[in-house]
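In case you want the letters, here they are:
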Amino acid sequence: MFKSSKISLIIRGILFSTLGILCFCAPIATMEFIAKMAGVVIIITGIVFFVLGYKSAARSLETMRLSASILLVILGILIMIHPEIIAILLGAFVLFEGIDFTLNTIKYHRAGAKGWWLMLVLGLVVIGFGVWSVFVPEITAATLSILFGIAFLGISIASFTALAGLNLVEDYFDAAQKSLEDKETYVEAEVVK
């Protein structure tokens, strides 16, 4: 009854299990592969933006879109050549978020908020992780790969759980259909009597 859905869930479960195991067994190589695939996607996105930029009616948007598309293509090429740049970019993002969080903590302290010191400590931890990610990207890449591995294995488990649920639904439908057929046979037998 749900044959195509079952096949899809089995394939999805196997693929994500494989990816998850690869992320644990070879974290750096897996992260480099994922980064290269992300680079390809970013380059394609940049090319699409570039093509759409010529078809835009608004000239101010066209210039902005063309500039963004060129930057995306350059970023994609950089990521493909140097996959560790993903870890550096993530680290820079986390670093700036940590700095922003810490500066906002000062405002909370001035406003008299309780627990501002905990926010300050968390902000400093985030800054530390950001600095670490920027200056030691290969360790960050391994950490990211392990986190991806956990996520991929979670998706795989969810797929196999959905498959088991689908089997239960199919069994329920089969039982309901058999019950209806039995009732129809009983009604027909009663009518014949």
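As a reminder, the structure under discussion sits directly above these lines.
Residues numbered from 1 in each chain as written. Predicted model: local features only at pLDDT ≥ 70, side-chain atom pairs only at ≥ 80, totals over all residues. Heavy atoms only, no water.

(A) Just a nonpolar patch on the surface, in detail. Taken together, the side chains of Phe33, Met37, Val40, Ile44, Val48, Phe49 and Met80 make up a nonpolar region of the molecular surface, amounting to roughly 590 Å² of accessible area. The element that contributes the greatest number of residues to the nonpolar patch is helix H2 (residues 27–54), accounting for six residues. Structurally, the position occupied by valine 48 is in helix H2. (Patch = residues over 30% accessible without salt bridge, like charges linked within 9 Å, V, L, I, M, F, W, Y side chains within 5 Å. Areas by Shrake-Rupley, 256 points an atom, 1.4 Å probe, with all protein chains shown as cover. Salt bridge = Lys/Arg side-chain N within 4 Å of Asp/Glu carboxyl O. Helix = DSSP H or I, 4+ residues; strand = E, 2+ residues; numbered from the N terminus.)

(B) Layout of the packing of helix H4 (residues 85–110) against helix H5 (residues 116–135). Interhelical geometry of H4 versus H5 gives an angle of 160° and a closest axis separation of 7 Å. Here H4 lies roughly antiparallel to H5, going by the angle between them. Every pair of crossing elements has a handedness; the one defined by H4 and H5 is left-handed. The class makeup of the residues in the contact of H4 with H5 is 18 nonpolar, eight polar and no charged. (Axes fitted to C-alpha atoms, helices over the stretch in contact; angles between N-to-C directions. Parallel < 35°, antiparallel > 145°, perpendicular 65-115°, else oblique. Left-handed = near helix turned anticlockwise from the far one by under 90°. Nonpolar A, V, L, I, M, F, W, Y, C, P; charged D, E, K, R; others polar.)

(C) Broad picture of the environment of methionine 80. Its location among the elements puts methionine 80 in helix H3 (residues 59–81). Taking the C-alpha atoms as reference points, methionine 80 and glutamate 32, separated by 48 residues in sequence, lie 8.6 Å from one another.

(D) Looking closely at the side chain of threonine 105. Its location among the elements puts threonine 105 in helix H4. The buried category is assigned to threonine 105, whose relative accessible area is 1%. Contact partners of threonine 105, with chain neighbours within four places excluded, come to Trp116, Met119 and Leu120. (Buried < 20%, exposed > 50% of the residue type's maximum accessible area, 1.4 Å probe, protein only. Contact = heavy atoms within 4.5 Å.)

(E) Examining the side chain of threonine 102 more closely. Within the secondary structure, threonine 102 sits in helix H4. In this structure the side chain of threonine 102 is engaged in a polar contact, spanning 2.8 Å, whose partner is the backbone oxygen of glycine 98. In this view, threonine 102 contacts Leu120, Gly123, Leu124 and Ile127; residues no more than four positions away in its chain are not counted. (Polar contact = N/O pair within 3.5 Å; in protein donor to acceptor, adjacent residues only side chain to side chain.)

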